Amino acid sequence: MPDASAWRLALPHTAAAVPMARALVRTALTETEPSADRDTAELLTAELVANAVEHTTAGAPIELVVEMLADGCQVEVHDGDPRPPRDLVTRPYEAHPDPWQEHGRGLLLLRALSSACGHRPTEHGKAVWFTLPACATSV
(Lines give C-alpha, C1' and ligand atoms only; values in the text may rest on other atoms or scores of the structure.)
Protein backbone atom coordinates (compact mmCIF):
# COMPACT_ATOMS: atom_id res chain seq x y z
CA MET A 1 0.00 0.00 0.00
CA PRO A 2 1.43 3.45 -0.93
CA ASP A 3 2.44 5.88 1.79
CA ALA A 4 -0.56 8.21 2.21
CA SER A 5 1.65 10.84 3.83
CA ALA A 6 3.48 11.60 0.56
CA TRP A 7 1.97 12.45 -2.81
CA ARG A 8 3.88 12.82 -6.12
CA LEU A 9 2.62 13.99 -9.49
CA ALA A 10 4.44 14.54 -12.78
CA LEU A 11 3.08 17.74 -14.29
CA PRO A 12 2.91 18.84 -17.92
CA HIS A 13 5.10 21.79 -18.91
CA THR A 14 1.99 23.85 -19.73
CA ALA A 15 -0.46 26.16 -17.97
CA ALA A 16 -2.57 23.04 -17.25
CA ALA A 17 -0.01 22.13 -14.59
CA VAL A 18 -1.29 24.83 -12.23
CA PRO A 19 -4.87 23.55 -11.74
CA MET A 20 -3.59 19.96 -11.60
CA ALA A 21 -1.16 20.90 -8.81
CA ARG A 22 -3.83 22.84 -6.91
CA ALA A 23 -6.18 19.85 -7.10
CA LEU A 24 -3.56 17.45 -5.72
CA VAL A 25 -2.73 19.78 -2.82
CA ARG A 26 -6.42 20.31 -2.03
CA THR A 27 -7.04 16.54 -2.08
CA ALA A 28 -3.99 15.74 0.03
CA LEU A 29 -4.89 18.31 2.67
CA THR A 30 -8.56 17.32 2.71
CA GLU A 31 -7.76 13.67 3.36
CA THR A 32 -5.34 14.16 6.26
CA GLU A 33 -5.66 15.42 9.80
CA PRO A 34 -4.37 17.68 11.14
CA SER A 35 -4.21 19.70 7.96
CA ALA A 36 -2.49 22.92 6.93
CA ASP A 37 -4.51 25.78 5.48
CA ARG A 38 -5.70 24.53 2.08
CA ASP A 39 -6.21 27.96 0.50
CA THR A 40 -2.68 29.11 1.37
CA ALA A 41 -1.19 25.80 0.25
CA GLU A 42 -3.01 25.98 -3.08
CA LEU A 43 -1.98 29.59 -3.67
CA LEU A 44 1.70 28.98 -2.91
CA THR A 45 1.74 25.75 -4.93
CA ALA A 46 0.21 27.57 -7.90
CA GLU A 47 2.93 30.23 -7.68
CA LEU A 48 5.74 27.66 -7.61
CA VAL A 49 4.32 25.61 -10.48
CA ALA A 50 3.64 28.70 -12.60
CA ASN A 51 7.25 29.81 -12.02
CA ALA A 52 8.56 26.39 -13.02
CA VAL A 53 6.51 26.43 -16.23
CA GLU A 54 7.49 30.00 -17.08
CA HIS A 55 11.17 29.95 -16.18
CA THR A 56 12.35 26.51 -17.33
CA THR A 57 12.92 24.99 -20.75
CA ALA A 58 9.74 23.94 -22.53
CA GLY A 59 9.16 20.22 -22.25
CA ALA A 60 11.42 19.80 -19.23
CA PRO A 61 9.88 17.64 -16.50
CA ILE A 62 8.14 19.26 -13.54
CA GLU A 63 7.12 17.24 -10.49
CA LEU A 64 5.01 18.15 -7.49
CA VAL A 65 5.70 16.47 -4.14
CA VAL A 66 3.35 16.98 -1.19
CA GLU A 67 4.46 15.54 2.13
CA MET A 68 2.21 15.51 5.16
CA LEU A 69 4.16 16.16 8.34
CA ALA A 70 3.10 15.62 11.95
CA ASP A 71 2.90 19.40 12.35
CA GLY A 72 1.77 20.51 8.87
CA CYS A 73 2.89 19.92 5.30
CA GLN A 74 5.76 20.51 2.93
CA VAL A 75 5.27 21.11 -0.79
CA GLU A 76 8.10 20.86 -3.31
CA VAL A 77 8.16 21.64 -7.01
CA HIS A 78 11.01 19.95 -8.88
CA ASP A 79 12.24 21.21 -12.24
CA GLY A 80 15.22 20.61 -14.49
CA ASP A 81 16.88 24.02 -14.10
CA PRO A 82 19.68 23.94 -11.50
CA ARG A 83 19.72 27.74 -11.10
CA PRO A 84 18.20 28.90 -7.80
CA PRO A 85 15.03 30.98 -8.01
CA ARG A 86 15.84 34.66 -8.11
CA ASP A 87 14.77 36.67 -5.05
CA LEU A 88 13.77 33.68 -2.92
CA VAL A 89 16.26 34.63 -0.24
CA THR A 90 15.47 38.37 -0.34
CA ARG A 91 13.86 39.54 2.87
CA PRO A 92 10.21 40.66 2.49
CA TYR A 93 11.04 44.23 3.58
CA GLU A 94 13.72 44.43 0.86
CA ALA A 95 11.40 43.44 -1.99
CA HIS A 96 9.21 46.11 -3.51
CA PRO A 97 7.38 44.73 -6.54
CA ASP A 98 6.15 47.31 -9.01
CA PRO A 99 2.40 47.67 -8.25
CA TRP A 100 1.69 48.18 -11.97
CA GLN A 101 3.28 44.92 -13.10
CA GLU A 102 1.51 41.55 -13.29
CA HIS A 103 4.58 39.61 -12.18
CA GLY A 104 7.01 39.77 -9.29
CA ARG A 105 4.87 38.87 -6.28
CA GLY A 106 4.99 35.05 -6.22
CA LEU A 107 8.15 34.62 -4.20
CA LEU A 108 7.16 37.53 -1.96
CA LEU A 109 3.93 35.65 -1.17
CA LEU A 110 5.92 32.48 -0.58
CA ARG A 111 8.17 34.18 1.96
CA ALA A 112 5.29 36.01 3.66
CA LEU A 113 2.76 33.17 3.95
CA SER A 114 4.85 30.05 4.56
CA SER A 115 6.44 29.07 7.84
CA ALA A 116 9.65 28.27 5.92
CA CYS A 117 10.73 28.13 2.29
CA GLY A 118 13.82 27.53 0.23
CA HIS A 119 15.38 25.58 -2.57
CA ARG A 120 17.84 22.73 -2.87
CA PRO A 121 19.72 21.10 -5.71
CA THR A 122 18.47 17.76 -6.97
CA GLU A 123 20.05 15.18 -9.23
CA HIS A 124 18.24 16.66 -12.25
CA GLY A 125 17.87 20.35 -11.34
CA LYS A 126 16.35 21.86 -8.22
CA ALA A 127 13.42 21.66 -5.83
CA VAL A 128 11.74 24.81 -4.53
CA TRP A 129 9.78 24.16 -1.34
CA PHE A 130 7.65 25.64 1.40
CA THR A 131 6.17 24.39 4.66
CA LEU A 132 2.93 25.32 6.38
CA PRO A 133 1.95 24.54 9.95
CA ALA A 134 -1.11 22.49 10.77
CA CYS A 135 -4.25 24.46 11.52
CA ALA A 136 -5.71 24.25 15.00
CA THR A 137 -8.98 23.08 13.43
CA SER A 138 -9.47 21.99 9.85
CA VAL A 139 -12.30 23.40 7.83
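This text follows the structure it describes.
Conventions used here
Residues numbered from 1 in each chain as written. Predicted model: local features only at pLDDT ≥ 70, side-chain atom pairs only at ≥ 80, totals over all residues. Heavy atoms only, no water. Helix = DSSP H or I, 4+ residues; strand = E, 2+ residues; numbered from the N terminus. Buried < 20%, exposed > 50% of the residue type's maximum accessible area, 1.4 Å probe, protein only. Contact = heavy atoms within 4.5 Å. Core = buried A, V, L, I, M, F, W, Y, C linked by side-chain atoms within 4.5 Å. Expected span 1.5 Å × (residues − 1). Arc of directions from axis to C-beta. Pairing = 2+ DSSP bridges.

J.: Looking at this model, I keep getting lost on the overall build of the protein. Mind explaining?
T.: Helix and strand content of the protein: 3 helices and 5 strands. Along the protein, from the amino end to the carboxyl end, the secondary structure elements read β-α-α-β-β-α-β-β. For the protein, the proportion of its 139 residues judged to be buried stands at 40%. Long-range contacts, defined as pairs at least 24 residues apart, comprise 63% of the intrachain contacts of the protein with a sequence gap of at least 6.

J.: What should I look at first to understand the nonpolar core in this one?
T.: For soluble globular proteins, nonpolar side chains are generally found buried alongside one another. Membership of the largest hydrophobic core comes to 28 residues, with the highest contact counts inside it found for Val49, Leu64 and Val66. Among the secondary structure elements, those contributing two or more residues to this core are α1 (17-30), α2 (38-55), β2 (62-69), β3 (72-79), α3 (106-113) and β5 (125-133). Those residues within four positions of Val49 in sequence are excluded, and the remaining contacts are Leu11, Ala17, Val18, Ala21 and Val77.

J.: Which parts of the structure should I look at to understand α1?
T.: Along an α-helix, a turn takes 3.6 residues, which lines up residues three or four apart on a common side. When the terminal C-alpha atoms of α1 are compared, their 20 Å separation across 14 residues agrees well with the 20 Å that a helix rising 1.5 Å per residue should span. For α1, the set of buried residues is Ala17, Val18, Ala21, Leu24, Val25, Ala28 and Leu29. Down the axis of α1, the buried set is contained in an arc of 130°. They therefore lie on one face. Contacts made by the buried residues of α1 are with β1 (6-11), α2, β2 and β3.

J.: Any chance you could explain the pairing of strand β4 (residues 116-122) here in plain terms?
T.: Successive residues of a regular strand alternate their side chains across the two faces of the sheet. Examined bridge by bridge, β4 and β5 share 7 bridges and lie antiparallel to one another. Each residue of the ladder has a partner; that of Ala116, found in β5, is Thr131. Linking β4 to β5, which pair antiparallel, is a turn of 2 residues.

Distances and angles like these do not, on their own, reveal function.
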